[in-house]
Amino acid sequence: MDHVMTCQELVELVTEYLEGTLPADVLTRMEKHLSGCDGCTHYLEQMRQTIRLMGQVREESLTPAQRDDLLRLFRDWNKD
Ligand SMILES: [Zn+2]
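Report on the accompanying structure. Keep in mind that this is a model prediction, so the values were computed, not measured. (Residues numbered from 1 in each chain as written. Predicted model: local features only at pLDDT ≥ 70, side-chain atom pairs only at ≥ 80, totals over all residues. Heavy atoms only, no water.)

**With respect to the overall build of the protein**
So, point 1. Helix and strand counts for the protein come out as four helices and zero strands.
So, point 2. Counting the 80 residues in the protein, one finds 30% classified as buried.
So, point 3. Counted over contacts in the protein with a minimum sequence separation of 6, partners at least 24 positions apart contribute 66%.
So, point 4. Total accessible area on the protein is roughly 5,700 Å²; 50% of this is exposed by carbon and sulfur atoms. (Helix = DSSP H or I, 4+ residues; strand = E, 2+ residues; numbered from the N terminus. Buried < 20%, exposed > 50% of the residue type's maximum accessible area, 1.4 Å probe, protein only. Contact = heavy atoms within 4.5 Å. Areas by Shrake-Rupley, 256 points an atom, 1.4 Å probe, with all protein chains shown as cover.)

Dropping the structure here:
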């Protein structure tokens, strides 16, 4: 399987990623995506920082509105 993870998929999985609950194969695909995507790398750093500040990851930590904002940002970042 050579499915390339999209930015949207990554955003949806980021909470589980940071909690360390992703299956190994998903984790591999995610890290592959991160190695080639500045937008998601930056996003992940921001999430890590937020979590450090809040002390925990909560299910509702990413609202649909925030997700939309992020996806808009990704589209801008990926516009070459
Ligand atoms: Zn991405």
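Next, the rest of the story.
**Examining the pattern of salt bridges**
So, point 1. All chains considered together, the criterion is met by one salt bridge.
So, point 2. Glutamate 45 is the salt-bridge partner of arginine 48, the closest N and O atoms lying 3.3 Å from each other. Of the two residues, arginine 48 and glutamate 45 both sit in helix α3 (residues 38-54), three residues apart, roughly one turn of that helix.
So, point 3. Accessibility expressed as a relative area gives 32% for arginine 48, which makes it partly exposed. (Salt bridge = Lys/Arg side-chain N within 4 Å of Asp/Glu carboxyl O.)

**Quick word on the packing of helix α1 (residues 7-19) against helix α2 (residues 24-35)**
A packed helix pair is summarised by two numbers, namely the angle formed by the two axes and the spacing between the axes.
So, point 1. Where α1 contacts α2, the two axes come as close as 11 Å, and the packing angle between them is 120°. The pairing of α1 with α2 is recorded here as oblique in orientation. As α1 packs across α2, the resulting crossing turns out to be left-handed. Residues Cys7, Leu10, Leu13, Val14 and Tyr17 of α1 touch α2, and the partners they reach there are Val26, Leu27, Met30, Glu31, His33 and Leu34.
So, point 2. Along the lines of polarity and charge, the residues of the contact of α1 with α2 split into nine nonpolar, one polar and one charged. (Axes fitted to C-alpha atoms, helices over the stretch in contact; angles between N-to-C directions. Parallel < 35°, antiparallel > 145°, perpendicular 65-115°, else oblique. Left-handed = near helix turned anticlockwise from the far one by under 90°. Nonpolar A, V, L, I, M, F, W, Y, C, P; charged D, E, K, R; others polar.)

**Section: the nonpolar core**
Soluble globular proteins tend to bury their nonpolar side chains together.
So, point 1. Counting residues in each nonpolar core, the largest one holds 19 residues, and the members touching the most others are Leu10, Met30, Leu34, Cys40, Tyr43 and Phe74.
So, point 2. For this core, the element with the most residues is α1, which contributes six residues.
So, point 3. Apart from the residues within four sequence positions on either side, leucine 34 is in contact with Leu10, Tyr17, Cys40, Thr41 and Leu44. (Core = buried A, V, L, I, M, F, W, Y, C linked by side-chain atoms within 4.5 Å.)

**Topic: the environment of arginine 75**
So, point 1. Within the element layout of this structure, arginine 75 appears in helix α4 (residues 64-77).
So, point 2. Distance in space between the C-alpha atoms of arginine 75 and glycine 39 is 9.0 Å, their sequence separation being 36 residues.

**What to know about the coordination of the zinc ion**
So, point 1. The zinc ion binds to the protein through Cys7 (SG), His33 (NE2), Cys37 (SG) and Cys40 (SG), with metal-donor distances spanning 2.0 to 2.3 Å.
So, point 2. Because the angles between the four donor atoms bound to the zinc ion fall within 104 to 111°, the donor set is best described as tetrahedral.
So, point 3. Site description for the zinc ion: donor spacing in sequence, C-x25-H-x3-C-x2-C. The burial state of histidine 33 is the same as that of cysteine 37; both residues are buried. (Donors = N, O, S within 2.8 Å, 3.2 Å for Na, K, Ca; no water. Tetrahedral: all angles 85-135°; square planar, octahedral: opposite > 155°, others 65-115°.)

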